[in-house]
Amino acid sequence: MSQGARTRPEGSGQALSKAYDTALLDLDGVVYAGGNAIAHAVESLATAREGGMHLAYVTNNALRTPDTVAEHLTELGIPTGADDVITSAQAVARLISEQVPAGSRVLVIGGDGLRVALRERGLEPVESADDDPVAVVQGFGGPDLPWGRFAEASYAVARGVPWFASNTDLTIPSGRGIAPGNGAAVEVVRIATGAEPQVAGKPLPPMHRETILRTGAKRPLVVGDRLDTDIEGAFNGEVDSLLVLTGVTDGAQLLAAPPQHRPTYVDADLRGMLTGQPEVTEAGEGFRCGGWTARAGAERLELDGDGEALDGLRALCAAAWTAAGDGVCELDGGKALARLGL
């Protein structure tokens with residue numbers, strides 16, 4: 001069922017781990033940051049899994065193979081098999097395989113994740129534009145990817161070779177902060193060639209299709225930290241989503257979210273999977289959640305009450321999204337967010 005223009009976060013009388021059969025979890029900013037587990041992630045995922053929820057890890061990062069990601073998660077204390085990991089490299093490899101003959105050569109600009117995914121689909125990775133590739137694929141190559149790789153892609157794309165990108169995330173979280181992502185690298189080739197790639201990763205349909213094919217999920221819950229990939233991907237796939245505030249999204253960005261970026265649920269971290277979610281109800285000209293009431297004033301979002309900060313944020317979202325309708329809320333919410341410490 002299409003979500004349409006969501007005007008408030010929803011509630012759930014059940015723990016989300018019971019209400020949904022499969023969690024489709026983003027990794028960077030949700031499960032770990034800079035390679036280290038985010039607080040409460042390991043324990044929360046263990047409890048959800050023990051309660052019968054299937055956990056699948058869905059990442060736009062095409063650098064690492066599913067085996068490598070699974071090993072990393074297992075080392076962090078989250079037992080994971082390679083079959084539980086779905087990457088944008090797998091999604092883009094399937095997309096390419098549907099458009100070129102089996103055994104075709106594909107120029108790889110990126111890491112081992114792309115090469116393994118291409119071979120899985122019966123394609124041959126090559127390293128040079130002079131190797132007669134029938135396609136170019138670009139994915140995150142990490143901070144040590146040589147600049148010359150972008151030139152290699154540009155040579156082939158300028159000759160008319162079809163160009164594919166695993167994803168176009170402009171940034172990626174790291175242990176030291178926010179770093180340039182594959183989308184920034186894609187811009188380099190776009191500027192050099194004037195071409196446009198076919199993109200597979202979140203929030204686009206090829207990634208959602210790959211995820212459902214590999215997990216068999218019947219009632220999935222997308223769990224992520226990014227509005228423009230995780231939440232928009234859930235919106236496009238017409239499934240519910242949980243935004244956790246452990247990554248790149250802050251309160252101000254959430255209040256200003258357009259319909260396709262509005263999550264079904266909002267929580268501080270992955271412990272939100274283990275609980276019900278409070279209802280946000282209409283209260284006169286505003287909205288109430290927990291001990292807070294929020295309304296859209298003439299120029300700003302107004303907040304009254306006290307209690308859990310997240311309840312106040314949920315009420316503020318309802319006020320902001322209702323005021324914005326199908327657009328973006330432009331009311332000042334700074335004072336209200338400051339009161340919540342968000």
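The structure this text deals with has already been given above.
A. Up close: the overall build of the protein chain. Assigned secondary structure in the protein chain consists of 12 helices and 19 strands. Expressed as a percentage of its 342 residues, the buried residues of the protein chain come to 54%. For the protein chain, long-range pairs separated by at least 24 residues make up 70% of all intrachain contacts whose partners lie at least 6 apart in sequence. Taking the 28 positively charged and 46 negatively charged side chains of the protein chain as two groups, their mean positions are separated by 1 Å.

B. Just the sheet that holds strand β15 (residues 265-267), in detail. Ordered by their spatial adjacency, six strands build an open sheet running β5-β4-β1-β13-β14-β15, and the pairing between neighbours is parallel. Edge positions in the sheet fall to β5 (85-87) and β15, since each has one partner strand and no second. The average angle at which neighbouring strand axes cross in this sheet is 25 degrees, direction not considered. When strand β1 (residues 22-25) meets strand β13 (residues 220-224), the two strands line up parallel, connected through four bridges. Bridge assignment links T22 to a residue of β13, and that residue is P220.

C. Just the sheet that holds strand β18 (residues 292-296), in detail. With respect to topology, four strands assemble into an open sheet ordered β16-β17-β18-β19, the strand pairing being antiparallel. Lying at the two open borders of the sheet, with one neighbouring strand each, are β16 (281-283) and β19 (301-305). Between one strand axis and the next, the sheet turns through 30 degrees on average, direction left out of account. The sheet contact formed by β16 and strand β17 (residues 286-289) spans three bridges and is antiparallel. Residue pairing for β17: E282 is matched across the bridge by F287. Where helix α11 (residues 309-324) meets the sheet, it contacts β17, β18 and β19, and its direction lies at approximately 20 degrees from that of β18.

D. Representation of the packing of aromatic side chains within the structure. For the structure shown, the criterion picks out two aromatic pairs. For the ring pair Y20 and Y265, a centre distance of 6.3 Å and an interplane angle of 75 degrees mean the geometry is edge-to-face. Linking Y20 in the loop between α1 (16-19) and β1 with Y265 in strand β15, this pair joins segments that are 245 residues apart in sequence. Neither Y20 nor Y265 differs from the other in exposure class; each is buried.

E. Spotlight on unusual backbone geometry. Residue P203 is reached from K202 by a cis peptide bond, and omega for that bond is 10 degrees. Residue position: P203 is located in the loop between β12 (198-199) and α8 (205-215). The phi dihedral of H40 falls on the positive side, at around 75 degrees, and the residue is not glycine. The backbone of D132 sits at a positive phi, close to 55 degrees, despite the residue not being glycine. If you trace the backbone, D132 turns up in the loop between β7 (124-126) and β8 (135-138).

F. How the structure looks around the packing of helix α4 (residues 88-97) against helix α5 (residues 112-120). Between α4 and α5, the shortest axis-to-axis distance is 8 Å and the interhelical angle comes to 40 degrees. The pairing of α4 with α5 is recorded here as oblique in orientation. In this structure, the crossing between α4 and α5 has a hand that is right-handed. Contacts between α4 and α5 involve A89, Q90, V92, A93 and I96 from the first element and G113, L114, A117, L118 and E120 from the second. Class assignment of the residues belonging to the contact of α4 with α5 gives a composition of seven nonpolar, two polar and one charged.

G. Layout of α8. Every buried residue belonging to α8 is among P206, M207, E210, T211 and T215, and all of these are buried. Summarising the axial view, the buried residues of α8 lie within an arc of 145 degrees, below the 170-degree limit, and thus occupy one face. Turned more than 90 degrees off the buried face of α8, the exposed positions are P205 and L213. Those residues of α8 hidden inside the fold are in contact with β1, β4 (54-59), β5, α4 and β12. Residue G216 follows α8 closely and has a positive phi angle near 65 degrees.

Each value, and the rule that gives it
Residues numbered from 1 in each chain as written. Predicted model: local features only at pLDDT ≥ 70, side-chain atom pairs only at ≥ 80, totals over all residues. Heavy atoms only, no water. Helix = DSSP H or I, 4+ residues; strand = E, 2+ residues; numbered from the N terminus. Buried < 20%, exposed > 50% of the residue type's maximum accessible area, 1.4 Å probe, protein only. Contact = heavy atoms within 4.5 Å. Lys, Arg positive; Asp, Glu negative; His and termini not counted. Charge placed at Lys NZ, Arg CZ, Asp CG, Glu CD. Pairing = 2+ DSSP bridges. Axes fitted to C-alpha atoms, helices over the stretch in contact; angles between N-to-C directions. Phe/Tyr/Trp six-rings, centres within 6.5 Å; stacked < 30°, edge-to-face > 60°. Parallel < 35°, antiparallel > 145°, perpendicular 65-115°, else oblique. Left-handed = near helix turned anticlockwise from the far one by under 90°. Nonpolar A, V, L, I, M, F, W, Y, C, P; charged D, E, K, R; others polar. Arc of directions from axis to C-beta.

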